[in-house]
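Inside the fold
Listed below, chain by chain, are the residues.
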Amino acid sequence: MHKHGSCRLHFGHIDAMLVQTAIQSARRTILVTGYEANAVLSLLQSADTLQGDLKATIKQDKDWYSRFMPLTEVIMDLVINRSLVKEIEQVIDEDGSIKDSASSELRKSRQQVQVLERKVQQLMESLIRSERSETSILEVNNIDGRWCIRTDSGQKTSFKGLLLSSSGVGSTIEPLSAVPLNDELQRARSLVAKAEADVLLALTRKIQLDVDDIEKILDSLVQLDVINARATYGLSFGGSNPNIFLPDRNNSSTAESLTRNDTLNGPLPDNREWILYLPKAYHPLLLQSHRANLKKVKEDVNIATSVSALDKAQPQPVPVDFLVSNKTRVIVITGPNTGGKTICLKTVGLAAMMAKSGLYVLASESVQIPWFDSVFADIGDEQSLSQSLSTFSGHLKQISNIKLQSTRQSLVLLDEVGAGTNPLEGAALGMSLLESLAHGGCLLTIATTHHGELKTLKYSNEAFENACMEFDEVNLKPTYKVLWGIPGRSNAINIAERLGLPSVVIDAARKLYGSSSAEIDEVITDMEKLKQDYQRLLTEADHYLMQSRGLHGSLLKTRRKIAEHSTSLRLKKLRDVSEAAAMSRSILHKKVRELDASAKKTSQHDKAIKSSRVSTTNNLHTAADNKEPASTNKSPSVVKKFDKSSTVRSAAPKVGDAVYVSSLGKKVTVLKVDSPKGEILVQAGIMKLKLKVTDIQRL
């Protein structure tokens, strides 16, 4: 809805307390005041506007109905009596007073009151003018609805009246001439009050008819206002949407996991699969304080100050990373004082409660949080000036209550567990308590401590995990970063040495501390160095991975462009070849038509020659008939020879024969013979021509 912009959930102008009072008064048939009626009016108008905006949005695009779910159902289910809205608008003014148009009796009574007040004022002014002198001071007052005159101390007046009050500073007198008018004015005002009461009674009864719907609208808008506040908070601080999941959701022992600790026997099932993932999570109050201080610094310094200078003047709070595996049940956080251990506890606890409340969690990306049924904490906050330090007995009582009330789905936060008593006894008690919580207590326990014995629990129980707060030994300052898998070490002796404590004291302290403890500190130091190197290499690997992903994307883009270019070139070549082929076919068809025309002319010419030859032959035969017998005996052999040659030339050719086409003036090869049609297909160079048998000559 924030992104869409059409349905705005702004209800700051609604007075929920006045609406609630109006609902209670209407149910008991007690007159609703004008202010209460106006509050009901604002409520109904806001609901009507919101519902109308939502309907208009859905009318434009039906998909918004499902996108706004489940708020869509809440808004669309509101029942608004628009006739009641009009009734309140007609009766009650914006300042909560009743309008003159509410009833004719009210208008008449108010007009009568105005007339009487003008008469009384005129009377008082005339009396004052008659008594006024240079030394007298007279004032017109209204006491309990009656007009009177106030005089100075010791001043005497000539008019008679009723003495209402008298003191050392003056007297208040109601003139006798004003008494009838004041009485009549009082009666007129009572009529006005009665008319107003009648109007409010009628309005109260109308509100009474819709009181259930009004109460439902109030509850719905309050709910929407809370949701809007959560969304606005999450957007303003840049939080991320939490992924909340319920462990044992598909487990048959879900109901059993909600039972109290006194009925538990043994550890939780091994098939649990859950994870707590809080990347770069911020404490909400630290981030809010940082923004407020940064805003103040920006107002105090020059506007042209760079961003880096502002960050240096007001450094950004350091976020914490929490990544808990599915086997971990207890996390032991160690480290120096003021290193940020308590802030880590509070950040995790607030993140879990914010997620359950429908708030975005202040983290860099979407977090994964189990559904904790409760969050229990025993935190002795020494930073708070309003609270005194808790005693050891107070800690034990608090922890005892947590142990009794926590379930298998609870989150327990313990600050400085085992502190406040003998170190050996405190460490033993802390170890016993954490082991009890790990094997049948709660879903997750996070504890801070300075006891070195608690660091060793990880190496004997896989349900434990170590973490420590990083410390910069060069600058002797905590970095507030969480190092996972590494137990924190004591830096007191090293810090004392760097701060200039005499070497004699330092050496004695190290001897008392013991060589074995020093060796453990060296191992921890090496582990911290390896952890830091690993983190550095992991950061570099992430950087190179991002670069490789960018290069891979560029390569894919280039390959796609090359493929597109190759496709376009291939299509262009196909178009060019197609155009050239079409042009060649056009030229060939033109040449064929020209050859056909030339062949027809040649055929006609040959037919004329043949006709001439036949005529000549006939003439010769006639001449031979007219000659002597000797000539007759000779001619049959000549004729027979001529006929044989003609028969050979006119016989149909065969496939593969070479024939002569006189119209082309060249030899061609026969490819196909169609005897019924008297046509043949010949190959003339690169061209294939279809000709008549009569158009060729056998060779």
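Residues numbered from 1 in each chain as written. Predicted model: local features only at pLDDT ≥ 70, side-chain atom pairs only at ≥ 80, totals over all residues. Heavy atoms only, no water.

As annotated in an unreviewed UniProt entry, the chain is DNA mismatch repair MUTS family protein from Medicago truncatula.

1. Digging into the environment of Glu365
If you trace the backbone, Glu365 turns up in the loop between α12 (341-356) and β9 (368-370). Here Glu365 falls in the partly exposed class, since its relative accessible area comes to 39%. Beyond its immediate stretch of four places on either side in the chain, Glu365 contacts Ser240, Tyr277 and Pro279. (Helix = DSSP H or I, 4+ residues; strand = E, 2+ residues; numbered from the N terminus. Buried < 20%, exposed > 50% of the residue type's maximum accessible area, 1.4 Å probe, protein only. Contact = heavy atoms within 4.5 Å.)

2. Some details on α12
It helps to recall that an α-helix has 3.6 residues per turn; residues three or four apart then point in one direction. Taking 1.5 Å per residue as the helical rise, α12 with its 16 residues ought to reach 22 Å, and the 23 Å between its terminal C-alpha atoms agrees with that figure. Turning to α12, its buried residues are Lys341, Cys344, Leu345, Thr347, Val348, Gly349, Ala351, Ala352, Met354 and Ala355. (Expected span 1.5 Å × (residues − 1).)

3. Focus: the pattern of salt bridges
Enumeration according to the criterion identifies 10 salt bridges in this entry. Across the pair Glu215 and Arg27 runs a salt bridge whose closest N-O atoms are separated by 2.5 Å. Placement of Glu215 in helix α8 (residues 211-237) and of Arg27 in helix α1 (residues 16-27) is noted, with a sequence separation of 188 residues between them. Residue class for Glu215 comes out partly exposed when judged on its relative accessible area of 22%. The partner of Glu679 in a salt bridge is Lys692, with the nearest N and O atoms 3.3 Å apart. Placement of Glu679 in strand β17 (residues 679-684) and of Lys692 in strand β18 (residues 687-692) is noted, with a sequence separation of 13 residues between them. For Glu679, a relative accessible area of 19% puts it in the buried group. (Salt bridge = Lys/Arg side-chain N within 4 Å of Asp/Glu carboxyl O.)

4. Notes on the environment of Ser190
Relative to the helices and strands, Ser190 is located in helix α7 (residues 179-209). Sequence separation of Ser190 and Val113 is 77 residues, and the distance between their C-alpha atoms is 9.9 Å.

5. Thoughts on the sheet that holds β18
If you trace the five strands from one edge of the open sheet to the other, you get β18-β17-β16-β15-β19, paired in antiparallel fashion. Of all strands in the sheet, those with a lone pairing partner are β18 and β19 (696-698), marking the two edges. Here the average twist between neighbouring strands, direction ignored, is 45°. (Pairing = 2+ DSSP bridges. Axes fitted to C-alpha atoms, helices over the stretch in contact; angles between N-to-C directions.)

6. Examining the nonpolar core
Leu43, Leu44, Ile88, Ile92, Ile214, Ile217 and Leu221 are the most contacted members of the largest nonpolar core, which totals 56 residues. Taken together, the elements giving at least two residues each to this core come down to α1, α2 (34-60), α4 (71-76), α5 (82-91), α6 (104-131), α7 and α8. Per-element tally for this core: the top contributor is α2, with 10 residues. Here this core spans two domains, and each of domain 1 (16-98 + 196-237) and domain 2 (105-195) adds at least three residues to it. Once you skip the residues sitting within four places of it in the chain, Leu44 turns out to touch Ile80, Leu84, Val85, Ile214 and Ile217. (Core = buried A, V, L, I, M, F, W, Y, C linked by side-chain atoms within 4.5 Å. Domains from an automatic or database assignment.)

7. Considerations on the packing of aromatic side chains
Applying the stated criterion across every chain, the model contains three aromatic pairs. A ring pair is formed by Trp64 and Phe68, whose centres lie 5.1 Å apart and whose planes are at 40°; its orientation type is tilted. Their ring planes at 80° and their centres at 5.2 Å tell us that Phe322 and Trp484 sit as a pair that is edge-to-face. Of this pair, Phe322 sits in strand β7 (residues 320-324) while Trp484 sits in strand β14 (residues 477-484), placing them 162 residues apart in sequence. Pair check on accessibility: Phe322 and Trp484 agree, each one buried. In this structure, Arg67 is placed above the aromatic ring of Trp64, and the distance from its NZ or CZ to the ring centre is 4.6 Å. Positioned above the aromatic ring of Trp371 is the side chain of Lys356, whose terminal nitrogen or guanidinium carbon lies 4.7 Å from the ring centre. (Phe/Tyr/Trp six-rings, centres within 6.5 Å; stacked < 30°, edge-to-face > 60°. Lys NZ or Arg CZ within 6 Å of the ring centre and 35° of its normal.)

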